[in-house]
Amino acid sequence: MTTFDKREEGFEKQFAHDEELKFKATARRDKLLGLWAAEKLGLAGPAAEAYAKEIVVADVEATGAFDVFGKIRKDLDAKGVSLSDHQIRRTMEELMARAISEIKASG
């Protein structure tokens, strides 16, 4: 195996590792976001956990933060909860930062 092959393999492993961490962070963010939104919707306990799971599944089924945002926006609107798009997106960003730090801390 040449040095070039070793470097290529190293880059591939790093890419796979980074993608795995990104997936884990997004899933964790989605759960935290779901719990946050559940609280705004007046849900608690098992109902809040179930809603958070719906948010995670929504992102996995139709990848992209817009899908998660869209679901939460629709659900908040349906319940008459007044939050701006900016507030929701800011919370998404804050929770992503929290999820990343939690994953890094857990190793």
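Details of the structure are given in the entry above.
Predicted model, so just to flag it, every value in this text is computed and none were measured.

**Q** I'd love a proper account of the packing of aromatic side chains, names of residues and values included.
**A** Taken as a whole and judged by the stated rule, the model has 0 aromatic pairs. Note that arginine 89 overlies the ring of phenylalanine 69, its terminal NZ or CZ placed 3.8 Å from the centroid.

**Q** Please set out helix 1 (residues 3–40) residue by residue, giving values where relevant.
**A** In a regular helix each residue adds 1.5 Å, so 38 residues correspond to 56 Å; helix 1 covers 55 Å between its end C-alpha atoms and thus fits that length. For helix 1, the complete set of buried residues consists of Ala25, Thr26, Arg29, Asp30, Leu32, Leu33, Gly34, Trp36, Ala37 and Ala38.

**Q** Can you lay out the packing of helix 1 against helix 2 (residues 45–61) for me, pointing to particular residues and giving the numbers?
**A** Two elements in contact, helix 1 and helix 2, have axes separated by 8 Å at closest approach and are oriented at 140 degrees. If you check the angle between helix 1 and helix 2, you find them oblique. Relative to helix 2, helix 1 is oriented so that their crossing is right-handed. Within the contact between the two elements, helix 1 uses Thr26, Ala27, Arg29, Asp30, Lys31, Gly34, Leu35, Ala37 and Ala38 and helix 2 uses Ala48, Glu49, Tyr51, Ala52, Ile55, Val56 and Asp59. Looking at side-chain class alone, the contact of helix 1 with helix 2 contains 9 nonpolar, 2 polar and 5 charged residues.

**Q** Let's hear about the environment of leucine 33: which residues, and what values?
**A** Here leucine 33 lies in helix 1. When the C-alpha atoms of leucine 33 and alanine 52 are compared, they prove to be 7.2 Å apart, with 19 residues separating the residues in sequence. Not counting the four nearest positions on each side in its chain, leucine 33 is found in contact with Val68, Ile72, Thr91, Met92 and Leu95.

**Q** If you had to explain the nonpolar core to someone new, which residues and values would you point to?
**A** Within the largest apolar cluster, 18 residues are counted, with the highest numbers of intra-cluster contacts made by Leu33, Trp36, Tyr51, Ile72, Leu76 and Ile88. If you list the elements that add at least two residues to this core, you get helix 1, helix 2, helix 3 (65–78) and helix 4 (85–106). Here the element with the most residues in this core is helix 1; it accounts for 5 residues. Beyond its immediate chain neighbours, meaning those up to four positions away, leucine 76 contacts Lys40, Leu41, Val81, Leu83 and Ile88.

**Q** Give a detailed account of the pattern of salt bridges, specifying residues and quantitative values.
**A** Counted according to the given criterion, the structure contains 11 salt bridges. Salt-bridge contacts for lysine 24 lead to glutamate 20; the nearest nitrogen and oxygen are separated by 3.2 Å. Residue lysine 24 and its partner glutamate 20 are located together in helix 1, separated by 4 residues, close to a single helical turn. Here arginine 28 makes a salt bridge to glutamate 102, at a shortest N to O gap of 3.2 Å. Here arginine 28 is found in helix 1, whereas its partner glutamate 102 is found in helix 4, with 74 residues between them in sequence. For glutamate 102, a relative accessible area of 27% translates into the label partly exposed. Through salt bridges with shared partners, a single ionic network connects Arg28, Arg98 and Glu102.

**Q** Account for the side chain of arginine 29, with residues named and values stated.
**A** Along the polypeptide, arginine 29 turns up in helix 1. At 2.8 Å, the side chain of arginine 29 forms a polar contact with the side chain of aspartate 30.

Rules of the game
Residues numbered from 1 in each chain as written. Predicted model: local features only at pLDDT ≥ 70, side-chain atom pairs only at ≥ 80, totals over all residues. Heavy atoms only, no water. Phe/Tyr/Trp six-rings, centres within 6.5 Å; stacked < 30°, edge-to-face > 60°. Lys NZ or Arg CZ within 6 Å of the ring centre and 35° of its normal. Helix = DSSP H or I, 4+ residues; strand = E, 2+ residues; numbered from the N terminus. Expected span 1.5 Å × (residues − 1). Buried < 20%, exposed > 50% of the residue type's maximum accessible area, 1.4 Å probe, protein only. Axes fitted to C-alpha atoms, helices over the stretch in contact; angles between N-to-C directions. Parallel < 35°, antiparallel > 145°, perpendicular 65-115°, else oblique. Left-handed = near helix turned anticlockwise from the far one by under 90°. Contact = heavy atoms within 4.5 Å. Nonpolar A, V, L, I, M, F, W, Y, C, P; charged D, E, K, R; others polar. Core = buried A, V, L, I, M, F, W, Y, C linked by side-chain atoms within 4.5 Å. Salt bridge = Lys/Arg side-chain N within 4 Å of Asp/Glu carboxyl O. Polar contact = N/O pair within 3.5 Å; in protein donor to acceptor, adjacent residues only side chain to side chain.

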